Amino acid sequence: MTIAGEGIVGSEQFGVINPATGEVFDYAPECSSEHLDAAMAAAKGAFESWRLDESARRTALLSCSTVIKNAVDQLAPILTREQGKPLSRAVVELKGAAKWFDYTARLEIPREVALDNDHVHVEVRRRPYGVVAAITPWNYPVSLAVWKIAPALLAGNTVVLKPSPFTPLTTLKVGELLQEVLPSGVLNIVSGGDDLGSWMTKHPSVRKISFTGSVATGKRVAAAAAPDLKRVTLELGGNDPAIVLPDVDPAAVAKHVFWGALENCGQVCSAIKRVYVPMEKYEAFLEAVGDVAANARIGDGFDDATQIGPVNNAPQFQRIIDLVDDARHHGARIVVGGSRVGNRGYFYQPTVVGDISDGTRLVDEEQFGPVIPIVPYDSVENALERANATHFGLSGSVWSSDVKRATKVAEQLECGTAWVNQHLNILPHAPFGGAKWSGIGVENGPWGLLGFTEIQTVNVAKG
Ligand code: NAD
């Protein structure tokens, strides 16, 4: 771990499993409550000077970008080994993290004049909170950490971050490498289980919590923040619909819809989780997506040919098995896939499920794995209604050769990001966050940065 600029091993450790083998390949430190106190104290101490010099912070963030860029070859194999994703995708994630640091370093912290007249000059300023507790999940450990670290630090906060116990190693290494360019105590990385997350959210030194993970945990985080009125940003799960409009050529969009669902083995908060297809195109669409699925190459992330790695962990793997079994039991048609691959690790076939509808777990819940349910509809209005009939509201997409019409439909999706003729094009410039149970607040762009600040009105009387 990194606490106050020092590498800390801790007295206890836990095993980290390679999902391609199902076996422990390395160990991470288990952070004790004393070490967490030390990390919080370091962050609190470092805040006093870190908050003072905005231009030094910008320079430091640009250096963070360079450090990560230079370490891609060192970090990518660790990421693939603990997360499972293909090595080429691990490289993309790490390069993205460097890009995010670089982009964020150039954002403005606004100072606005609310009123200036003969009597008063009123300015709206943005102050940092102080210590930010950041907690991340296991699907994109590095990018999601950097989405928090970069804006939190630019705004003048200091950070204590905890990665998921399933994927702690790359984040721990990133924390270690960044000490080269950050003052000690500004960024502390601790590792441990869910209890550590809970201690962080209750810790009296924390002023803001930035959490990415499941809806269930997000609600616990919100409850833990309440007694202290800690500020929260919650980036939670999704059950994102794709609506295919009747004018679509199934063969033309199948590949895009498939990869919008199966990127990172389907373990993306905003991946397509259910597809609504007009009845008249239903069979052709199932066949087209089925073809893409049947040809997708699943395997160990270190094999160059691999496009889809294993599911990250045993509970998630079991969940996928259960959801497909449940769909089968309710009469769904398994068009392609539907079973595990081999008996080592957590490999599951890319799976396309038809003859399924709302009311089935696979459609109603967030599967977070390599399985796409495809649901027939008879009118676009009805598809929209069903797409919106959920507590989730992270993202959604509409597919059509008529961009204007598709945009009109997309605007009616009750979600944080509505895509047209694409899915998963997440950019540092655009705010990303969820409606309804998918979250509170946003990350990325100037909007994400402001989430790490609180407003101060400075109202000065004249003469
Ligand atoms: P999770 O909620 O189980 O865990 C996320 C993190 O919270 C982990 O670090 C975990 O140790 C920690 N944690 C667990 N219990 C805690 C508690 N009581 N208090 C504080 N921290 C606690 O989620 P996961 O299984 O790691 O990740 C998958 C989920 O994350 C999916 O639902 C996915 O959609 C969501 N996700 C959302 C986004 C987004 O930006 N909206 C991005 C990626 C993943």
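Our structure's up above, just so we're on the same page.
Presented here is an overview of the structure given in this document.

About the criteria used
- Counting from 1, residues in each chain are numbered in the order their sequence is written.
- Thresholds applied to this predicted model are a pLDDT of at least 70 for local features of residues and 80 or more for the giving and counting of side-chain atom pairs; totals over whole chains, interfaces and linings are not thresholded and use all residues.
- Each side-chain value is derived from all of the structure's non-hydrogen atoms; neither hydrogens nor water enter the calculation.
- Whether two aromatic rings pair depends on their centres lying within 6.5 Å, for rings of Phe, Tyr and Trp, where Trp uses its six-membered ring; planes under 30 degrees apart make the pair stacked, over 60 edge-to-face, and the rest tilted.
- Here's how the labels work: a residue is buried when its accessible area is under 20% of the maximum for its type, exposed when over 50%, partly exposed in between, all with a 1.4 Å probe on protein chains only.
- Put simply, DSSP H or I for four residues or longer makes a helix, DSSP E for two residues or longer makes a strand, and each gets a number counted from the N terminus.
- Criterion used throughout: strands pair if DSSP finds at least two bridges between them.
- Lines fitted to C-alpha atoms define the axes, with helix axes restricted to the stretch in contact, and inter-axis angles between N-to-C directions lie between 0 and 180 degrees.
- The contact criterion used throughout is that any non-hydrogen atoms of two residues lie within 4.5 Å.
- It suffices for a single heavy atom of a residue to lie within 4 Å of a molecule or strand for the residue to be listed as near it.
- Nitrogen and oxygen atoms within 3.5 Å of one another constitute a polar contact, given that in protein one can donate a hydrogen and the other can accept it, and given that sequence-neighbouring residues count only through two side-chain atoms.
- Computed with the Shrake-Rupley method and a 1.4 Å probe, the accessible areas treat only the protein chains shown as cover for residues.
- Among buried residues, the Ala, Val, Leu, Ile, Met, Phe, Trp, Tyr and Cys ones that are joined through side-chain atoms within 4.5 Å form a nonpolar core.
- Nonpolar side chains (Val, Leu, Ile, Met, Phe, Trp, Tyr) within 5 Å and like charges within 9 Å form the patches, drawn only from residues with over 30% relative accessible area and no salt bridge.
- One speaks of a salt bridge when a side-chain nitrogen belonging to Lys or Arg is within 4 Å of a carboxyl oxygen belonging to Asp or Glu.

## Details of the packing of aromatic side chains
At step 1: Going through the model one piece at a time under the given rule, you end up with 6 aromatic pairs.
At step 2: With centroids separated by 5.0 Å and ring planes inclined at 90 degrees, the aromatic side chains of Phe258 and Trp259 adopt a geometry described as edge-to-face.
At step 3: Judged by relative accessible area, which is 0%, Phe258 ranks as buried.
At step 4: Look at Trp259 and you get partly exposed, because its relative accessible area is 24%.
At step 5: Where Phe317 meets Tyr346, the ring centres are 5.7 Å apart and the plane angle is 40 degrees; that geometry is what we call tilted. Placement of the pair is Phe317 in helix H11 (residues 314–329) and Tyr346 in the loop between strand S14 (333–336) and strand S15 (351–354), with a sequence separation of 29 residues.
At step 6: Accessibility expressed as a relative area gives 6% for Phe317, which makes it buried.
At step 7: Look at Tyr346 and you get buried, because its relative accessible area is 13%.

## Brief notes about unusual backbone geometry
At step 1: One non-glycine residue, Cys265, adopts positive backbone phi at about 60 degrees.
At step 2: Despite not being glycine, Asn421 shows a phi value in the positive range, around 55 degrees.
At step 3: You can see Asn421 is positioned in the loop between strand S18 (417–420) and strand S19 (432–433).
At step 4: Judged by its relative accessible area of 32%, Asn421 is partly exposed.

## As for the sheet that holds S15
At step 1: Taken together, the 7 strands give an open sheet; going across it, the order is S14-S15-S16-S13-S12-S17-S18, and neighbouring strands pair in mixed fashion. In this open sheet, the two strands that pair with only one neighbour each are S14 and S18. On average, each strand axis in the sheet is tilted by 25 degrees relative to the strand beside it, whichever way the strands run.
At step 2: Relative to strand S16 (residues 371–377), S15 runs parallel, the two sharing 3 bridges. The residue bridging Thr351 from the neighbouring strand is Val371, located in S16.
At step 3: Here helix H14 (residues 403–411) sits on the sheet in contact with strand S17 (395–399) and S18, set at roughly 160 degrees to S18.

## Some points on the site of the ligand
At step 1: Close to the ligand lie 29 residues; Asp194, Ser214, Thr217, Leu236 and Glu366 are nearest.
At step 2: Within the backbone of Thr136, one N or O atom sits 2.8 Å away from an oxygen atom of the ligand.
At step 3: Within the side chain of Thr217, a nitrogen or oxygen atom sits 2.7 Å from an oxygen atom of the ligand.
At step 4: Here the ligand, which alone exposes 860 Å², has 90% of that area covered by the protein.

## Describing the nonpolar core
At step 1: Ranked by internal contacts, the top residues of the largest apolar core, which has 81 residues, are Phe101, Val160, Leu178, Leu182, Val190 and Met200.
At step 2: With 10 residues, helix H5 (residues 141–154) is the largest single contributor of residues to this core.
At step 3: Val190 has contacts with Met1, Ile3, Cys31, Leu36, Ala39, Val160, Leu161, Lys162, Pro163, Leu196 and Met200, leaving out every residue within four places of it along the chain.
At step 4: If you look at the next biggest cluster of nonpolar residues, it comprises 57 residues, including Val253, Phe258, Phe285 and Val375.

## Some thoughts on the sheet that holds strand S22 (residues 453–461)
Each strand in a sheet pairs with another by means of backbone hydrogen bonds, the pair being arranged parallel or else antiparallel.
At step 1: Within the open sheet, the 3 strands sit side by side as S5-S6-S22. Their pairing is antiparallel. Only two strands of the sheet have a single neighbouring strand rather than two, namely strand S5 (112–116) and S22. For this sheet, the mean angle separating the axes of adjacent strands, direction not counted, is 25 degrees.
At step 2: Here 4 bridges tie S5 to strand S6 (residues 120–128), and the two strands are oriented antiparallel to one another. Residue pairing across strands places Leu115 opposite Val122, the latter belonging to S6.

## A look at a nonpolar patch on the surface
At step 1: On the surface, Ile17, Val24 and Tyr27 cluster together into a nonpolar patch covering about 260 Å² of accessible area.
At step 2: Positionally, Tyr27 belongs in strand S4 (residues 23–30).
At step 3: Classification of Tyr27 as partly exposed rests on a relative accessible area of 47%.

## Regarding the pattern of salt bridges
At step 1: Applying the stated criterion across every chain, the model contains 19 salt bridges.
At step 2: Arg207 serves as the salt-bridge partner of Glu454, at 3.5 Å between the closest nitrogen and oxygen. With Glu454 in strand S22 and Arg207 in strand S10 (residues 206–212), this residue pair connects regions lying 247 residues apart in the sequence.
At step 3: Overall, Arg207 belongs to the partly exposed group, its relative accessible area being 34%.
At step 4: Two residues, Glu365 and Arg319, come together in a salt bridge whose shortest N-O distance is 3.1 Å. Of this pair, Glu365 sits in the loop between helix H12 (361–364) and S16 while Arg319 sits in helix H11, placing them 46 residues apart in sequence.
At step 5: Judged by its relative accessible area of 25%, Glu365 falls in the partly exposed class.
At step 6: Of the residues examined, Arg319 reaches a relative accessible area of 24% and is grouped as partly exposed.
At step 7: Residues joined by salt bridges that share partners form a network here, namely Arg111, Glu123 and Arg125.

None of this, on its own, says anything about what the molecule does.
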